[in-house]
Structures are given as C-alpha cells and as structure tokens.
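# Breakdown of the fold
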Amino acid sequence: MLFYSFFKSLVGKEVVVELKNDLSICGTLHSVDQYLNIKLTDISVTDPDKYPHMLSVKNCFIRGSVVRYVQLPGEEVDTQLLQDAARKEAVVSTR
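Right, let's walk through the structure included here. (Residues numbered from 1 in each chain as written. Predicted model: local features only at pLDDT ≥ 70, side-chain atom pairs only at ≥ 80, totals over all residues. Heavy atoms only, no water.)

### Digging into the pattern of salt bridges
Two side chains with opposite charge may pair up if their charged atoms get near one another. A complete count under the given rule lists three salt bridges for this structure. For Asp 22, the salt bridge goes to Arg 68, with nearest N and O atoms at 2.7 Å. Of the two residues, Asp 22 sits in the loop between strand 1 (14-19) and strand 2 (24-32) while Arg 68 sits in strand 5 (residues 67-71), which places them 46 residues apart along the sequence. Residue classification places Arg 68 among the partly exposed residues on the basis of a relative accessible area of 34%. Where salt bridges share partners, they join Glu 18, Asp 22 and Arg 68 into one cluster. (Salt bridge = Lys/Arg side-chain N within 4 Å of Asp/Glu carboxyl O. Helix = DSSP H or I, 4+ residues; strand = E, 2+ residues; numbered from the N terminus. Buried < 20%, exposed > 50% of the residue type's maximum accessible area, 1.4 Å probe, protein only.)

As structure tokens, this is what we get:
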C-alpha cells in the first residue's frame with residue numbers, strides 16, 4: 001500500500017509512464033488505484049514518429065501490469081517521508 005499512497009499524493013502532477021512495449025506517455029496523473037492502474041489526461045507520446053496513431057489520443061487508462069517505469073517530477077518527491085514510510089511498513093510486516 002506504500003506505493004499506492006505515494007502515487008495518490010502525485011495526482012495532478014505531470015509524469016512519464018514507460019510501458020513494457022517501449023511506449024512512453026507523458027501526461028497529468030488523474031487517478032491511480034490499488035492495482036497501480038493509472039489514468040492520465042492531456043497525454044503526449046515521447047516518440048510521435050514511432051507511434052503516430054497515438055497523436056489523436058488525449059486521455060488514457062494504463063493497466064498496472066504493463067508499466068515498466070514511472071518517471072516522477074523530482075521536486076514533488078519527499079524522499080525523507082518516503083523512507084520513513086518504508087521503514088514503518090517494514091516493521092509492521094515483520095511482526
């Protein structure tokens with residue numbers, strides 16, 4: 001649940017989602033669920049020459065199992081808070 005809570009805090013921020021088929025989509029994070037399915041709005045493809053059919057798409061839903069990476073805005077990530085939450089979750093799971 002740590003990543004789910006973390007991604008919920010990034011709703012409304014610009015992210016880049018790289019899929020397992022090498023497609024990278026940049027857009028505004030609209031929502032995320034417990035399976036890390038992602039909904040993006042105002043999307044653009046980082047390589048429009050390779051994926052011209054994606055130029056007309058403005059919003060998309062991405063199944064969590066096809067995501068390779070999510071690139072986050074560096075200024076929005078509170079690493080100290082994330083580390084503390086990871087430690088707390090590790091302690092709870094060892095009990």
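### Observations regarding the pairing of strand 4 (residues 59-62)
Side chains Cys 60 and Ile 62 of strand 4 all project onto a buried face; the interleaved residues Asn 59 and Phe 61 project onto a face where none is buried. In this sheet, strand 4 lies alongside strand 3 (residues 38-45) in antiparallel orientation, the contact comprising four bridges. Within strand 4, the position partnered with Lys 39 by the bridge is Phe 61. (Pairing = 2+ DSSP bridges.)

### Thoughts on the side chain of Asn 37
As for its position among the elements, Asn 37 is in the loop between strand 2 and strand 3. Residue class for Asn 37 comes out buried when judged on its relative accessible area of 13%.

### Some words on the sheet that holds strand 4
Strand order across the open sheet formed by five strands is 4-3-2-1-5, with antiparallel pairing between neighbours. Each end of this open sheet is capped by a strand with a single partner; those strands are strand 4 and strand 5. Across the sheet, the mean angle from the axis of one strand to that of its neighbour is 40 degrees, orientation sign disregarded. (Axes fitted to C-alpha atoms, helices over the stretch in contact; angles between N-to-C directions.)

### Points about the pairing of strand 2
With seven of its nine residues buried, strand 2 lies for the most part within the structure. Here five bridges tie strand 1 to strand 2, and the two strands are oriented antiparallel to one another. In the strand pairing of strand 2, Val 15 is matched with Gly 27. Counted between consecutive antiparallel strands, the loop separating strand 1 from strand 2 contains four residues, among which Asp 22 sits at a positive phi close to 75 degrees.

### Description of unusual backbone geometry
A negative phi angle is the norm for most residues apart from glycine, just as the trans form is the norm for most peptide bonds. Positive phi values are uncommon outside glycine, yet Asp 22 reaches one of about 75 degrees. Judged by relative accessible area, Asp 22 falls into the partly exposed class, the value being 46%. The phi dihedral of Leu 36 is positive, around 60 degrees, even though this residue is not glycine. Tracing the backbone through its elements, the reader meets Leu 36 in the loop between strand 2 and strand 3. Relative accessible area serves as the criterion here: at 29%, Leu 36 is assigned to the partly exposed category.

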